[in-house]
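So the chains spell out like this:
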Amino acid sequence: MGRDGPGPLRLFLLVQVIILLDFAHSWNDAWVAKDEQKWYVALLVISVGCYIAAYTLSGILFICFNPSGEDYGLDVSFLVMTMVLGFVNGIVPPVVRKACS
């Protein structure tokens, strides 16, 4: 019973990521196709809102997984690494894209 769990779980998570990425790209393409300034502003506001939500939830996880007086170095290091890589991934590609054009 326990041996069947990891395979289908990984497949389920992979399908969910594909569905989420497809939704995000479809939504972006639909708004950019309208080619009006208000849609670009809406995309910017939604993107900034998602970044704020992600870092807020990461902060909450940091508080939950690092109670005072306890040593959870590995958990905290993974949280910090994820936050830093997410920030770098959000900042570096637009800068590189602008420099290459």
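Concerning the pattern of salt bridges
At step 1: Under the defined criterion, the tally for this structure stands at one salt bridge.
At step 2: For Lys38, the salt bridge is made with Glu36, and the minimal N-O distance between the two is 4.0 Å.

Description of unusual backbone geometry
In most cases, non-glycine residues show a negative phi, while peptide bonds are predominantly trans.
At step 1: Even without being a glycine, Asp35 presents a positive backbone phi close to 50 degrees.
At step 2: The exposure class assigned to Asp35 is exposed, which follows from its relative accessible area of 56%.

A closer look at the confidence of the model for the protein
At step 1: The pLDDT averaged across the protein works out to 81; a share of 90% of its residues lies at or above 70.
At step 2: Mean pLDDT across the elements of the protein ranges from a minimum in helix α3 (residues 73-100), with 79, to a maximum in helix α1 (residues 6-33), with 88.

Section: the packing of α1 against helix α2 (residues 37-65)
At step 1: The interhelical angle for the contact between α1 and α2, taken along N-to-C directions, is 150 degrees, at an axis separation of 8 Å. Compared by their axis directions, α1 and α2 come out roughly antiparallel. Of the two possible hands of crossing, α1 and α2 adopt the one that is left-handed. Residue-level contacts link Trp27, Asn28, Trp31 and Val32 of α1 to Trp39, Tyr40, Ala42, Leu43 and Ile46 of α2.
At step 2: A breakdown of the residues in the contact of α1 with α2 according to their chemical character gives eight nonpolar, one polar and no charged.

Remarks on a nonpolar patch on the surface
At step 1: Side chains of Phe62, Val80, Val84, Phe87, Val88, Ile91, Val92, Val95 and Val96 sit close together on the surface and give an oily, nonpolar patch of about 720 Å² of accessible area.
At step 2: For the nonpolar patch, the element with the highest residue contribution is α3, accounting for eight residues.
At step 3: With respect to the helices and strands, Phe62 occurs in helix α2.
At step 4: Taking relative accessible area as the criterion, Phe62 reaches 32% and is therefore assigned partly exposed.

Thoughts on the packing of aromatic side chains
At step 1: Inspection of the entire model under this criterion finds three aromatic pairs.
At step 2: With a centroid separation of 5.1 Å and 75 degrees between ring planes, the pair formed by Trp27 and Trp31 is classed as edge-to-face. A residue pair is termed a helical-turn pair when its members lie 3 or 4 positions apart in one helix, as Trp27 and Trp31 do in helix α1 at four residues.
At step 3: Ring geometry for Trp31 and Trp39: centres 5.1 Å apart, planes at 55 degrees, overall tilted.
At step 4: We classify Trp31 as buried; its relative accessible area is 16%.
At step 5: Under the relative-accessibility criterion, Trp39 is labelled partly exposed at 22%.
At step 6: Among the aromatic residues, those joined into a cluster by ring pairs are Phe23, Trp27, Trp31 and Trp39.
At step 7: When the ring centre of Trp39 is taken as reference, the NZ or CZ atom of Lys34 above it lies at 4.8 Å.

The rules behind each value
Residues numbered from 1 in each chain as written. Predicted model: local features only at pLDDT ≥ 70, side-chain atom pairs only at ≥ 80, totals over all residues. Heavy atoms only, no water. Salt bridge = Lys/Arg side-chain N within 4 Å of Asp/Glu carboxyl O. Buried < 20%, exposed > 50% of the residue type's maximum accessible area, 1.4 Å probe, protein only. pLDDT = per-residue confidence, 0-100. Helix = DSSP H or I, 4+ residues; strand = E, 2+ residues; numbered from the N terminus. Axes fitted to C-alpha atoms, helices over the stretch in contact; angles between N-to-C directions. Parallel < 35°, antiparallel > 145°, perpendicular 65-115°, else oblique. Left-handed = near helix turned anticlockwise from the far one by under 90°. Contact = heavy atoms within 4.5 Å. Nonpolar A, V, L, I, M, F, W, Y, C, P; charged D, E, K, R; others polar. Patch = residues over 30% accessible without salt bridge, like charges linked within 9 Å, V, L, I, M, F, W, Y side chains within 5 Å. Areas by Shrake-Rupley, 256 points an atom, 1.4 Å probe, with all protein chains shown as cover. Phe/Tyr/Trp six-rings, centres within 6.5 Å; stacked < 30°, edge-to-face > 60°. Lys NZ or Arg CZ within 6 Å of the ring centre and 35° of its normal.

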